[in-house]
Structures are given as C-alpha cells and as structure tokens.
2 protein chains.
Amino acid sequence: MLSTQPVSHEAGRQRQGRLWSNLKEVCELLHLPPVSLNTEELLFQHVQFKTGQRIHTIGQPFDMLYVVNSGFVKTVLIDEFGNEQVLAFPMKGDLMGVDGIHSKTYASEAVALSDCDLILLPFKKLTTLGRTHVELENMMYGVMSRELVREQAMIGMLGALSAEARVARFLVTLSDKFSQMGYSSKLFNLRMTRHEIGSYLGLTLETVSRTLSAFNEIGLISVDQRTIGIKDVDALKSLRRLPPSRTRSKLPSRAKAAAAASEATVPLLATL
Amino acid sequence: MLSTQPVSHEAGRQRQGRLWSNLKEVCELLHLPPVSLNTEELLFQHVQFKTGQRIHTIGQPFDMLYVVNSGFVKTVLIDEFGNEQVLAFPMKGDLMGVDGIHSKTYASEAVALSDCDLILLPFKKLTTLGRTHVELENMMYGVMSRELVREQAMIGMLGALSAEARVARFLVTLSDKFSQMGYSSKLFNLRMTRHEIGSYLGLTLETVSRTLSAFNEIGLISVDQRTIGIKDVDALKSLRRLPPSRTRSKLPSRAKAAAAASEATVPLLATL
DNA sequence: CGTAGTTTTGAGAGTCTTCAATTCGAGTGG
DNA sequence: CCACTCGAATTGAAGACTCTCAAAACTACG
C-alpha cells in the first residue's frame, strides 16, 4: 500500500534518452562527503534491471562497480551444490561489485529483487580519476573499507547471536535503512522471501517465519505477509540472548537474567 | 616440537638497529606481483610484539596497515558485554588494519598469539605513492578486495555449514596456509585455544574439542593438545552436510547420502 | 610442586532444523 | 469472471545438532 519505491529517480538527468548522474550525485547517494570537483561534465550512466534479472554473475569479467539508485537487489554466493547463500540486500545508496576487483572477476552474483535503477561506475575510470583527485581516491578506499566493516559485523552476528536476535537485528537494520531512504521506518514491505532472509541470517525459512510470528504475538511488530510494522523498536534493538560461548574469562559472570517476557511461553529474550 | 616459527626473518635488513623491508619484499609477502619500481630506497619499518600484546585496539586512531612477517595474530570484535568474536587469525603474509580506513579508527582489535614481527605500512605514505605508481595503487585495491572476498567466504561458511564441516574447513585452510608458509602441511601446532577457534567458527570450545576428537577417532587427523596431524586431507576437504536450508528450489533433490562413516556412532558424514 | 588455565568428556537441555500439511496469494487460461 | 496451479508463508510435531553445566585430566608456569 505505502512505502512503494518512487518511480522517479531523484538523481540523474536525461541525455541521449538515458539517465546520467555526476560525481556529486553519486557521492550523496553513497553518503559520502561530496567530492568538490569540476566534474560537472563527468557523468555516469544508469541502467535499469527488471525483477529477477541478473546484474552480474560469478566468474563474469569485472569492470564495473554499481551503486543502487532505486530498487532492491540481493547478492549471493553459490556453492558447489548450487545452493544460494545470500550475502547482502543492497538498496538505495549501496555499492556492489567490490568483490570483483581482486580477481578481475565477480565473486558473487547480484539479482534484482525489484525493478531497479543502478548507476554504473567503470572501475578503471574511477581509479584514473582518483589519481588526480585525492578526495575521490579517499572515497574509494573509504567505501571499500566500509564494506569490510559491514561484513565483519555480519560475521559477528552469525557467530554469536540467536535466531531471535538475528531476526530482530535484521528488522532494525531494515527499518533504519528505510528511514534513511526517506520511507517510513515503521511500516514497510520486505522485498525478499523468507527463504532469502533465512539464507542471509543463517536460518531456515521456517525459523524466520516462526520468529516473526512470535514477535507479532508479543507485540513487537505486526506481520502480514511481506508487510512489516515496527511497533517496539527499542525492544527489538535490545533483544539479545546470553552469548553462546562464555568468552572473556575475566568477567563477573553476569547473572543470566532469566527475564521471562510476560507470561508468554515463547522463550524470548533478556531485554537488557 | 616441530614447525616452530623461525627466529630469523627472511625479509628485512638491519638499519639503525631495526629491521626494514622494501616494497618488493612486502609484495612478495602479500603474494602479489612485485611492483617493479625504483623503490629500493623506500623502506618500511618492522615492529615486534610479544605474545599477548595488543597491536591495535578498537577505536584507536588509524594510520597504519600491518603485514605479518612472522608469528601469529588474532583479530577480534568486542560486543557490548565485552565478549570477544574472533574475526581472523592473521599469519605470515596477511594484511591487517584495513577496517580502520573508513572511520579513521580501527574497528577491530589485534592481539599477538605468539611473538611476532610485523611490517608497518603507513597508509598515507601508501596512497600518496600509489598516486604516482599505478601498480601500487592496483595492489592496494586488490588486497582490500581480497579481504572482502575472504570475509564473504566466511559468511557463507557460518551461514551454511555444520560444526563438523566448519572445523574440517578450518583445518584444511590452516594446512594450506602452513604449507604456503614453508612449514609442514601435515603436522603443525595450533597457536590458538579451542575457545578462540570456537569463537572464530561460531561454535563453543566444547564442540570444537569434541569434533577434533571425533576426527581423530575416525582417523582423519591426530590430535594431541595443540599438535595436529593431518591424515586424510581429501576426506576433510569433502566433509559436508546437507545444507541447512533447502535452497535453489529447482534442483533434483539429491538423496541424502546417509553415508555412515564406518560403524562409528559418530554422525560424521557424507564424504562426497 | 602448587595454581591456574586449557582440554577432554559426559549427561541433559534447548534451540533450530527437518518433514509435512495447510493456507494464502498471484498469475493463467478457460 | 472463476477455476486452477504454483510458489510463498504459516504452523505443528518430531528429531538432531549444539550448547550448557559439570567434573576430571592435563599442561604450563612460577
């Protein structure tokens, strides 16, 4: 009903029947301090993909970075059995393709989850340009480093959090992202299936579904198919579980706050 | 007993009572095509850390990248409870500190697991230099991208593999790394505790211990405290489990090869 | 030769997965 | 316009894999 992506693309101008953006617009999209350059004439082309279309595949020669201007994408790894492992759900302002730099070949596959509009950043062009424009170069390193930090956080999450905590975090992150994009942070539509969410979080689709239902019953959220309403962000944010391994030996082993959330039989959390 | 790290550092020369390495040596260490530059005079300083010493902490201002020249390190994330989440075990030839570029502050903590020798790469110096030497610049991007791919693989592992498969992979990876470093790939010492391994793999120390014991009983490896002997690399490499989630709908649902490894009650699996 | 940390091993509990059935929703063709 | 079909989502029940708690053996170090 609401929070449908806008059809009009804020960034970009028409030219030769296509959309183009300049560096400044790209920087804004990436939430980076704008590179103050005389690069008004330096334009990057947009490309549109329809739902289900592949943006790039594993092994394909690398030459482009992509920035999502609108729409939703998933990036996946594919193992020797053909099983997908979702790595990320890039959306407006997210960068894709960095994993291709090293081997000059994309290491992951990107698929459009909705019709979307991407900005093409020819990697060669960027690096040559960065050589003369320090700011741009810093931007490049910065964005790559940011990606790395994001993945580190992901590893931390997969390695240490319970199913409930993972789903809660996922929702909070999505909520933030939506608000950041100018949509409602309280009510939004998931663009991915439970299966894809599960893959992303290292869970089965059933567990994802059950957890969402549980959150719903407790009143943390409202769920109707792919429409999610956030009702208690704070509770979601603080949803934790005792760490699975007793780490950091020297700590005053905190009492396992067996916080029974109301009388619900649902074994949810220690709101700390 | 064996495979103790060499006291002498292959790379590096004495000068002012300290060790220094040139760019070529650093590139070799990183397994990168040597940057053919007239940079004989461009030297990078070494630093030594003793077991347990902190190389950098979270939040500390970023200015250096580090390359491990000898010894063993762990990098960790620390959550709000003070719990450690091991991110990696950098060893000879590995790069550290990239996560600090983005926020100009290290995002992780690095601790020496053994006495070790690191090469300091002042980030500013590298980038300025890269501006004039394309090869060096490419190297920078390449190494960062490689790190990203490594972490992606880690995410895939944490999200999809069983405890046994994770431990098996860990051993194989270590074995490869050791052989790459010039040590025996068949017999080596772990430099980290079960607890650290568990944190790294998203398991408890008990599960790690039990899994190693199980591998031992089956004859895949020999275990004596921290000394590991690899006896059947291929079996370790092919150790898998049915994916936890039925992904990729359209596949001829492979029969769950209930391969009972010998008659052991140990539920160890589908050697494919 | 104690003391503390590491590792092993056991037993029980619990979370998450697996298998299965049902409902829901959208797209297609009659 | 409605029946039909297929994928997505929900829910239940049982089972499996790991975790938790606990105790003991071992190692290292002072």
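Going by the structure above, here's the rest.
Figured I'd write up the structure that's included with this text. All of these numbers come straight from a predicted model, not from anything done at the bench.

### Some thoughts on the overall build of chain A
Secondary structure summary: chain A contains 7 helices and 13 strands in total. Split into buried and exposed, the 272 residues of chain A put 54% on the buried side. Sequence separation of at least 24 residues holds for 70% of the intrachain contacts in chain A that already meet a minimum separation of 6. Total accessible area computed for chain A in this model is approximately 12300 Å², and 55% of it derives from carbon and sulfur atoms.

### Structural notes on the side chain of B:Gln152
Of note, B:Gln152 is situated in helix α3 (residues 134-160). Among all residues touching B:Gln152, those that are not within four sequence positions of it are A:Leu77, A:Leu87, A:Asp99, A:Ala107, A:Ser108 and A:Glu151.

### Some details on the environment of A:Asp79
All names here are of chain A. Summarising the element assignment, aspartate 79 is placed in the loop between β6 (73-78) and β7 (84-88). For aspartate 79, a relative accessible area of 28% gives the class partly exposed. Looking at aspartate 79, its side chain comes within polar contact range of the main-chain nitrogen of phenylalanine 81, at 2.7 Å.

### Details of the sheet that holds strand β11 (residues 187-189) of chain A
All names here are of chain A. If you trace the 3 strands from one edge of the open sheet to the other, you get β11-β13-β12, paired in antiparallel fashion. On the outer flanks of this sheet lie β11 and β12 (221-224), each paired with one strand and no other. On average, each strand axis in the sheet is tilted by 15 degrees relative to the strand beside it, whichever way the strands run. Where β12 meets strand β13 (residues 227-230), 4 bridges bridge the pair, whose relative direction is antiparallel. Paired with valine 223 across the strands is isoleucine 228, a residue of β13.

### Here's the deal with the environment of A:Gly93
Residues and elements named next belong to chain A. Within the element layout of this structure, glycine 93 appears in the loop between β7 and β8 (95-96). Measuring from C-alpha to C-alpha, the distance between glycine 93 and asparagine 69 comes to 6.2 Å, with 24 residues separating the pair along the chain. Dropping the residues within four chain positions of it, glycine 93 is found in contact with Leu29, Leu30, Val67 and Val68.

### A word on the pattern of salt bridges
Two side chains with opposite charge may pair up if their charged atoms get near one another. Per the stated rule, a full pass over the model turns up 14 salt bridges over all chains. Note that B:Glu109 and B:Arg54 form a salt bridge whose closest N and O atoms lie 2.8 Å from each other. Taken together, the residues B:Glu109 in strand β9 (residues 109-112) and B:Arg54 in strand β4 (residues 54-56) connect sequence positions 55 residues apart. Each member of the salt-bridge network shares a partner with another, and the members are A:Lys74, A:Glu84 and A:Glu196.

### A word on the nonpolar core
Side chains that are nonpolar tend, in soluble globular proteins, to be buried together. If you look at the biggest cluster of nonpolar residues, it comprises 82 residues, and the most contacted ones within it are A:Phe170, A:Leu171, B:Phe170 and B:Leu171. When neighbours within four sequence positions are excluded, A:Phe170 is seen to be in contact with A:Phe89, A:Leu190, A:Met192, A:Ile197, A:Tyr200 and A:Leu201. Of all hydrophobic cores here, the second largest spans 81 residues; its members include A:Leu42, A:Val67, A:Ile101 and B:Cys27.

### Overview of the sheet that holds β9(B)
Picture the strands of a sheet paired through backbone hydrogen bonds; they go either parallel or antiparallel. Residues and elements named next belong to chain B. Across the sheet, 4 strands lie side by side as β4-β9-β6-β7; this open sheet has antiparallel pairing. In this open sheet, the two strands that pair with only one neighbour each are β4 and β7 (84-88). The mean angle between the axes of side-by-side strands here comes to 35 degrees, regardless of whether they run parallel or antiparallel. Both strand β6 (residues 73-78) and β9 contribute to a ladder of 4 bridges, which runs antiparallel. Counterpart to valine 76 in the pairing with β9 is glutamate 109.

### Points about the environment of B:Val98
Here B:Val98 is to be found in the loop between β8 (95-96) and β9. Overall, the relative accessible area of 3% leaves B:Val98 in the buried class. Not counting residues within four places of it along the chain, the set of residues in contact with B:Val98 comprises A:Ser145, A:Leu148, B:Leu65 and B:Met144.

### Comments concerning the packing of aromatic side chains
Each pair of aromatic rings is reported with the distance of its centres and the angle of its planes. According to the stated counting rule, one finds 21 aromatic pairs over all chains in the structure shown. Between A:Phe123 and B:Tyr141, the aromatic rings sit 5.5 Å apart at their centres with planes inclined by 80 degrees, giving edge-to-face as the arrangement. Placement of A:Phe123 in helix α2 (residues 123-132) and of B:Tyr141 in helix α3 is noted, with the two residues assigned to different chains. Ring geometry for A:Tyr141 versus B:Tyr141: centroids 4.9 Å apart, planes at 15 degrees, classification stacked. Of this pair, A:Tyr141 sits in helix α3 (residues 134-160) while B:Tyr141 is found in helix α3, placing the two residues in two different chains. Each member of the pair, A:Tyr141 as well as B:Tyr141, carries the same accessibility label: buried. The structure contains a cluster of three or more aromatic residues connected by ring pairs, namely A:Phe62, A:Tyr66, A:Tyr106, A:Phe123, A:Tyr141, B:Phe62, B:Tyr66, B:Tyr106, B:Phe123 and B:Tyr141.

Calculation notes
Residues numbered from 1 in each chain as written. Chains lettered and ligands numbered in written order. Predicted model: local features only at pLDDT ≥ 70, side-chain atom pairs only at ≥ 80, totals over all residues. Heavy atoms only, no water. Helix = DSSP H or I, 4+ residues; strand = E, 2+ residues; numbered from the N terminus. Buried < 20%, exposed > 50% of the residue type's maximum accessible area, 1.4 Å probe, protein only. Contact = heavy atoms within 4.5 Å. Areas by Shrake-Rupley, 256 points an atom, 1.4 Å probe, with all protein chains shown as cover. Polar contact = N/O pair within 3.5 Å; in protein donor to acceptor, adjacent residues only side chain to side chain. Pairing = 2+ DSSP bridges. Axes fitted to C-alpha atoms, helices over the stretch in contact; angles between N-to-C directions. Salt bridge = Lys/Arg side-chain N within 4 Å of Asp/Glu carboxyl O. Core = buried A, V, L, I, M, F, W, Y, C linked by side-chain atoms within 4.5 Å. Phe/Tyr/Trp six-rings, centres within 6.5 Å; stacked < 30°, edge-to-face > 60°.

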